[in-house]
Amino acid sequence: MKKLFLLLFLIFALNSCGGGGGSSDVAANNTQDNITTPPNNNSVVPVDPNNTTTPPNNNSVITADRLYSSFHVGFGDSGSFGFEGNSQKVVWLSVGDLVGEAPIGQNSYYQDIKNFNAPQFDYLQQKLKNSKYIVSWMVMHYWQENWYNIEKLQSMMDQGYVPVFAYWYFADALSGGLPNDNLIQEYYKDNIRLAKLLQQLKGTKIVIMEPEFNKNTVTDSQANQKKFASIISNAIDTIKNNTQDVLFSLSMMDTGNRGVDELYTKCGYDSCALGDQSEWAKPEIVYNALKDKLDFISFSQMAGQFSRDAQKPDKYRTYTNNEAGIDYLAQRINNMSSFLHQKYNKPIFMPYITIGTATWEDFNQNSAVEYNELNLNGWEDEANSVYLKLMNSKEELVQNGLFGFAIMSLFDDPQHDINGYQYFSFDEYHFGIIKTSAIDEKSLYRLGDIVFKQNIVDTVFSLD
């Protein structure tokens, strides 16, 4: 695991966040190396207020049919967001307070945030109360039970909020092959640890097993698919036998061709920008083997205007809008939901989506991303358009099986995965839907002068 994990653990960094995995994606993430760790305090609480279509109820056990029948949104990235302080190095903004009843702007602790814009935070707080899902990441050897304030989390669940735990254990190590027997046994022990945490929470919980599992090393071999399915099957049994009211899913990446001008028959659509069914079908042995144990099917979505070159991973390349298929991404998500829903006859969920909003032009043609070549706001219109199209298609999405999605990163982070693989280079710092004046790599934390990117906050977190 990346050295960054240990470093951030020692300095009480943020909770967690996810990224993409490898394939032939155009401008889609190839690896997820950006998990960070939360401060050890009572603020780390996955929570949820109202949902986008129906108000929360006071029953913490939400039936699956009720959950799947309407469309809800959420957000993830961290249980606490780090902001630079005036009198202290860092002020941790907890998710629990961010969606709570007490106004953020009147909280003396948060007023210490440098350049704190109280009215803007209060407005954000009101919008986020319309969310439903809060996604937390659990990483091998790095998540701790005491990160979670069970009492506070339980209180929020009692109001109808649903925590989502992305259980990213084997992670990108799967790109090198399936885990050995010793690691599998460690995994099974960790399953018990997770079950004990979940058992303390009375109400509906969601566990996303091994996000981005569909690495080539898993899907290209029938034997590997069967072995991987067996590992996950045993894990689900262990967790389920030691807890209750848990909904399980297994999340895949959206891999394959994305170009508007890519007209390959294998994609199954008039243009590969609308989807790549041959790639989506690759992990079917895994899903079919686990079909009776999965409550729903999940997939993630990440896109950017530039990324590492799949052919030369030490170099970067840009994509035109047509090459990235960004103008068709919302319909692609709709199509993928429909494809998976029909193929497996299961509800569909998107536990995280992100669209990097920076763009890059390689002026000196050296294939290296340099700061003076960036437009940090270059893809905001594209991101805004995708979310608007998604939210305007809620009824169709529900008909196609998708019952919701979560924004991967609420705020931009100037240190995101700074010592990691950084598939999207500087765009890693611009995954959020809210930006600040913090400077990439120079600022240690966000600043309080938050600015919403276009209309994304209003578009996604709205009751309408």
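Definitions and cut-offs
- Residues numbered from 1 in each chain as written.
- Predicted model: local features only at pLDDT ≥ 70, side-chain atom pairs only at ≥ 80, totals over all residues.
- Heavy atoms only, no water.
- Helix = DSSP H or I, 4+ residues; strand = E, 2+ residues; numbered from the N terminus.
- Contact = heavy atoms within 4.5 Å.
- Core = buried A, V, L, I, M, F, W, Y, C linked by side-chain atoms within 4.5 Å.
- Buried < 20%, exposed > 50% of the residue type's maximum accessible area, 1.4 Å probe, protein only.
- pLDDT = per-residue confidence, 0-100.
- Phe/Tyr/Trp six-rings, centres within 6.5 Å; stacked < 30°, edge-to-face > 60°.
- Lys NZ or Arg CZ within 6 Å of the ring centre and 35° of its normal.
- Axes fitted to C-alpha atoms, helices over the stretch in contact; angles between N-to-C directions.
- Parallel < 35°, antiparallel > 145°, perpendicular 65-115°, else oblique.
- Nonpolar A, V, L, I, M, F, W, Y, C, P; charged D, E, K, R; others polar.
- Disulfide = S-S within 2.5 Å.
- Pairing = 2+ DSSP bridges.
- Salt bridge = Lys/Arg side-chain N within 4 Å of Asp/Glu carboxyl O.

Caption draft 1: Representation of the environment of Ala406. Here Ala406 is to be found in strand β14 (residues 402–407). Separated by 333 residues in the primary sequence, Ala406 and Val73 have C-alpha atoms spaced 5.4 Å apart. Contacts of Ala406, omitting those with residues within four sequence positions, involve Gly74, Phe75, Val135, Met350, Pro351, Tyr352 and Ile353.

Caption draft 2: Focus on the nonpolar core. If you look at the biggest cluster of nonpolar residues, it comprises 100 residues, and the most contacted ones within it are Tyr167, Tyr187, Met209, Tyr387, Phe405 and Phe411. Ignoring any residue separated from it by four or fewer positions in sequence, one finds Tyr387 in contact with Ile353, Thr354, Ile355, Phe405, Ile407, Ile433, Ile456, Thr459 and Val460. Val139, Val162, Ala166 and Met302 belong to the second-largest nonpolar core, a separate cluster that totals 26 residues.

Caption draft 3: How the structure looks around the confidence of the model for the chain. When pLDDT is averaged along the chain, the result is 87; 87% of the residues meet or exceed 70. Here residues 1–26 scores under 50 on pLDDT; set against residues more than four positions off or in separate chains, the count is 117 contacts. pLDDT under 50 marks residues 29–59. Its contacts with residues more than four places away, or in other chains, come to 158 contacts.

Caption draft 4: Local environment of the side chain of Ser251. Mapping Ser251 onto the fold places it in strand β7 (residues 246–253). If near-sequence neighbours (up to four positions away) are discounted, Ser251 is found in contact with Ile208, Met209, Glu210, Pro211, Glu212, Phe213, Tyr287, Ser298, Phe299, Ser300 and Pro351.

Caption draft 5: Fine view of the packing of aromatic side chains. Considering all chains together, one arrives at 36 aromatic pairs under this definition. When the centroid spacing of 5.3 Å and the interplanar angle of 85° are considered together, the rings of Phe83 and Phe411 count as edge-to-face. One end of the pair, Phe83, is in strand β2 (residues 80–84); the other, Phe411, is in the loop between β14 and β15 (434–435), with 328 residues separating them in the sequence. Take Phe411: its relative accessible area is 1%, and that puts it in the buried class. Among the aromatic side chains, those forming a connected cluster through ring pairs are Tyr68, Tyr133, Phe296, Phe349 and Phe403. Here Arg308 stacks its cationic end above the ring of Tyr421, 4.2 Å away from the centre of that ring. In this structure, Arg446 is placed above the aromatic ring of Phe83, and the distance from its NZ or CZ to the ring centre is 6.0 Å.

Caption draft 6: Main features of the packing of helix α12 (residues 329–344) against helix α13 (residues 380–392). Viewed as axis vectors pointing N to C, α12 and α13 meet at an angle of 40°, and their least axial separation amounts to 8 Å. Here α12 lies oblique to α13, going by the angle between them. Along its contact with α12, which presents Leu329, Ala330 and Ile333, the element α13 presents Val386, Lys389 and Leu390. Its residues assigned to classes, the contact of α12 with α13 shows five nonpolar, no polar and one charged.

Caption draft 7: Quick peek at the state of the cysteines. Counted by the stated rule, this structure contains one disulfide. The side chain of Cys267 participates in a disulfide bridge whose partner is Cys272; the two sulfur atoms lie 2.0 Å from each other. Handedness of the Cys267-Cys272 disulfide follows from its S-S torsion of about 95°: it is right-handed. The pair formed by Cys267 and Cys272 is uniform in burial state, with each residue classed as buried.

Caption draft 8: Spotlight on the sheet that holds strand β6 (residues 205–209). Strand order in the closed barrel formed by eight strands is β1-β4-β5-β6-β7-β8-β11-β14, and the pairing between neighbours is parallel. Going across the sheet, the axis of each strand differs from the next one's by a mean of 30°, ignoring polarity. Sheet topology places strand β1 (residues 72–75) next to strand β4 (residues 133–139); two bridges connect them, and they run parallel. Bridging from a neighbouring strand, Phe75 pairs with Ile134 of β4.

Caption draft 9: Fine view of the pattern of salt bridges. Using the criterion set out here, one finds 16 salt bridges in the structure. In this structure, Arg193 and Glu145 form a salt bridge, with 3.3 Å as the shortest nitrogen-oxygen distance. Within this pair, whereas Arg193 is found in helix α6 (residues 181–199), its partner Glu145 is found in the loop between β4 and α5 (150–158), the two being separated by 48 residues in sequence. Given a relative accessible area of 32%, Glu145 falls into the partly exposed group. With a shortest N-O distance of 3.4 Å, Arg258 and Asp254 are connected by a salt bridge. Just as Arg258 is buried, Asp254 falls in that class too. Shared partners join several salt bridges into a network, and the residues in it are Glu145, Asp190 and Arg193.

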